[in-house]
Structures are given as C-alpha cells and as structure tokens.
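Now for the letters of each chain:
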Amino acid sequence: LDDPDSARFHVEQTAAAMSDLSDMVGIDIGALGLNGRLGMAFGARGRGNAGFGGAAAATYEPVERVINLTKQSGGGSLAHEWVHSVDNLLPELMGVKESGKGDFITENPNILPDGPIKNAFVKLISAMTAGERPTAENFKITDKDRRLAKYNIEGAYSGPGKAIKQAGNAVAAIAAVDDIFARYSGNKRSEKNWRTWRTLAAAYYDTTGEEVISLPTGRKVSNFKAEAMNLDGGSTKQYWSSDKEMFARAFQSYIEDKLAGGERQNDYLSVFADNKYWDDPI
C-alpha cells in the first residue's frame, strides 16, 4: 500500500513468470499454488538478517507456506523457491501426511510411499551427488607425526609403511592405506590404526610444514556436489551442498536451459543458476 508501483510490478512479473513456469513444467497454471497451500509475499516478511552473508533475496517459509520475494532483489528467485515448496508439500498433496517444517523429500525420500515418485527422487538425488571426484580432507599434522612418519616409513619393508613409501605421493599413499584397512571397517581398534596411518602418510609427504593440510582424499562425489561444497567453504553446516539447495539450483538450471531452448528468457522466474554467480543471493 505504501508503494503501489512496486506492488504492481511484482504482481505482474510473478503472473508472467508463473505462466512461463507452467509452460516449462507442463502443469496447469492454476495448479502451481499446490491446491491453495502456497502463498506469495513481496517484501512483507521483515527486513531479513543484515549479519554475515546479508539478507536472503527470497525465501520459502515451510511453516507459513509462503514464498517471500524481497522488493529490491527478489526477482530471479521464483523458480528456486517454488520448487522448495514442492519438495516440502508434495507428501501432503499425495495424501501421505501433513507436511511439517522439516519435511523435505530431498532430505528424506522415505517420507513418500514406495512407487514411481519416490524412485524418481532417489534417482535424482543420486544424479546430483554421485560421481568420481574426491572431496577435500583436512589433516592436522604435528611435529611428532612427522617424526613418527619418518621412523615408521623410511625403513619399512612390509605393511602400511612399505605401501606408503612405494606410493610416491600423499594422495596415492592414503589410497594405499585405505585399501589395506578397508577390510577391518567396523573394528574400533583397527579403525584407530587406520586413521593413524592416514595421518602418517600425509605427514610423510608434506613439504609445507603447515599444521593443517588439505588433500583430495575424501569420499567421491559429483562435480556439482564438489563445487557446492566449495561454496560452503569448508563450513560444518551445509547450505549450498545440502540436497535441498542443490535440488532447487538444479531446477533453476533446468528451467533456464529449457527456456533458452525455446529462445525464451524470464529473469524474474530464474537467473544466475550457474556457480559463477554464487555470490548473488538466490
């Protein structure tokens, strides 16, 4: 009411974006509100968090079931937030249960009953996350570790020490240790030795002298997952690399690509899905 021109702009752009979204996903425009469960708000949900990372340009609020687009920078986020609502509310639409705040299929596909929709989500999550790119691991190395590494590996003629010495580099050495100890997974004593030898392998080949070094020796994931983890910057709290956020960004990419394939574009519906724009709050 305080800014009717802005209000008119957002309502008109949202209507046009929803029309394009309907075309892209093949769902009647009247059903995009998820049978009346989904609300829209424009700059009406507070001023956001002005702290670290700044305020979000747009949000989906699962408790209120509202997509909120900020008045100044919410454009471009509608597809992203809409598919969050699908992720959250689809179980309820299927008559499984009333969807709560933490009910997102991408975080727990078992919310859904066995069948083609659940199978599709499981395959989607695997496609987003599974791959052959090793993730980074941090190794904390002390001077004692370096002394032990030299003592136990330099003259080794068998066992992990020999395998580390023959490996030629830290990544290959840690892989060799993993091959030796993998059969003992579940045995607490063996797993402790496993961790010790991995640290010694990293220490043996380290030339930096740093207390913490990072090596690509972690679990293997997709490039999409690995780059999302890079965006998280090693934070223990996943955001960009959570399955929920990766799903929304993958959907954005799908929408942008499909629009482009038809020589169309709607930057209010979705923009900046590519990782190179990661610092734009989407």
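Shown above is the structure to which this text applies.
Nothing here was measured: the structure is a model prediction, and the numbers come from that model.

Here is what the cut-offs are and how they apply
- Residues numbered from 1 in each chain as written.
- Predicted model: local features only at pLDDT ≥ 70, side-chain atom pairs only at ≥ 80, totals over all residues.
- Heavy atoms only, no water.
- Core = buried A, V, L, I, M, F, W, Y, C linked by side-chain atoms within 4.5 Å.
- Buried < 20%, exposed > 50% of the residue type's maximum accessible area, 1.4 Å probe, protein only.
- Helix = DSSP H or I, 4+ residues; strand = E, 2+ residues; numbered from the N terminus.
- Contact = heavy atoms within 4.5 Å.
- Pairing = 2+ DSSP bridges.
- Axes fitted to C-alpha atoms, helices over the stretch in contact; angles between N-to-C directions.
- Phe/Tyr/Trp six-rings, centres within 6.5 Å; stacked < 30°, edge-to-face > 60°.
- Lys NZ or Arg CZ within 6 Å of the ring centre and 35° of its normal.

Visitor: What should I look at first to understand the nonpolar core in this one?
Guide: Side chains of nonpolar character tend, in soluble globular proteins, to be buried together. Membership of the largest hydrophobic core comes to 35 residues, with the highest contact counts inside it found for Leu21, Ile67, Leu78, Trp82, Phe251, Ile255 and Leu269. Mapped by element, the contributors of at least two residues to this core are helix H1 (4-25), strand S2 (58-61), strand S3 (66-69), helix H2 (78-93), helix H3 (116-129), helix H8 (223-232) and helix H9 (243-261). Counting residues per element, this core draws most heavily on H2, which supplies 7 residues. Not counting residues within four places of it along the chain, the set of residues in contact with Ile255 comprises Leu21, Met24, Val25, Ala79 and Leu269. Ile164, Phe181, Trp197 and Ala201 belong to the second-largest nonpolar core, a separate cluster that totals 18 residues.

Visitor: Honestly, the sheet that holds S2 in this entry has me stumped. Any pointers?
Guide: The strands making up a sheet are joined through hydrogen bonds of the backbone, oriented either antiparallel or parallel. Read across the open sheet, the 3 strands follow the order S1-S3-S2; overall the sheet is mixed. If you trace the sheet from one side to the other, it starts and ends with strand S1 (39-42) and S2, each paired once. Recorded for the sheet is a direction-independent mean angle of 15° between the axes of neighbouring strands. As paired elements, S1 and S3 share 4 bridges and run parallel to each other. Bridge assignment links Phe42 to a residue of S3, and that residue is Leu69. Sitting on the sheet, H2 touches S1, S2 and S3, and the angle it makes with S2 is about 15°.

Visitor: When you look at the packing of aromatic side chains in this model, what are you seeing that I'm missing?
Guide: Think of a pair of aromatic rings as described by two things: how far the centres are apart, and how the planes are tilted against each other in angle. Tallied over the entire structure, the rule returns 8 aromatic pairs. Here Trp82 and Phe251 contribute two aromatic rings whose centre-to-centre distance is 5.9 Å and whose plane-to-plane angle is 35°, an arrangement assigned as tilted. Placement of the pair is Trp82 in helix H2 and Phe251 in helix H9, with a sequence separation of 169 residues. Assigned by exposure class, Trp82 and Phe251 land together as buried. Relative to Trp240, the ring of Tyr239 lies with its centre 5.3 Å away and its plane at 80°, an arrangement referred to as edge-to-face. On the basis of relative accessibility, which here comes to 40%, the residue Tyr239 falls in the partly exposed class. The exposure class assigned to Trp240 is buried, which follows from its relative accessible area of 14%. Through pairs of rings, three or more aromatic residues link up here, namely Trp82, Phe251 and Tyr254. Positioned above the aromatic ring of Phe104 is the side chain of Lys244, whose terminal nitrogen or guanidinium carbon lies 4.3 Å from the ring centre.

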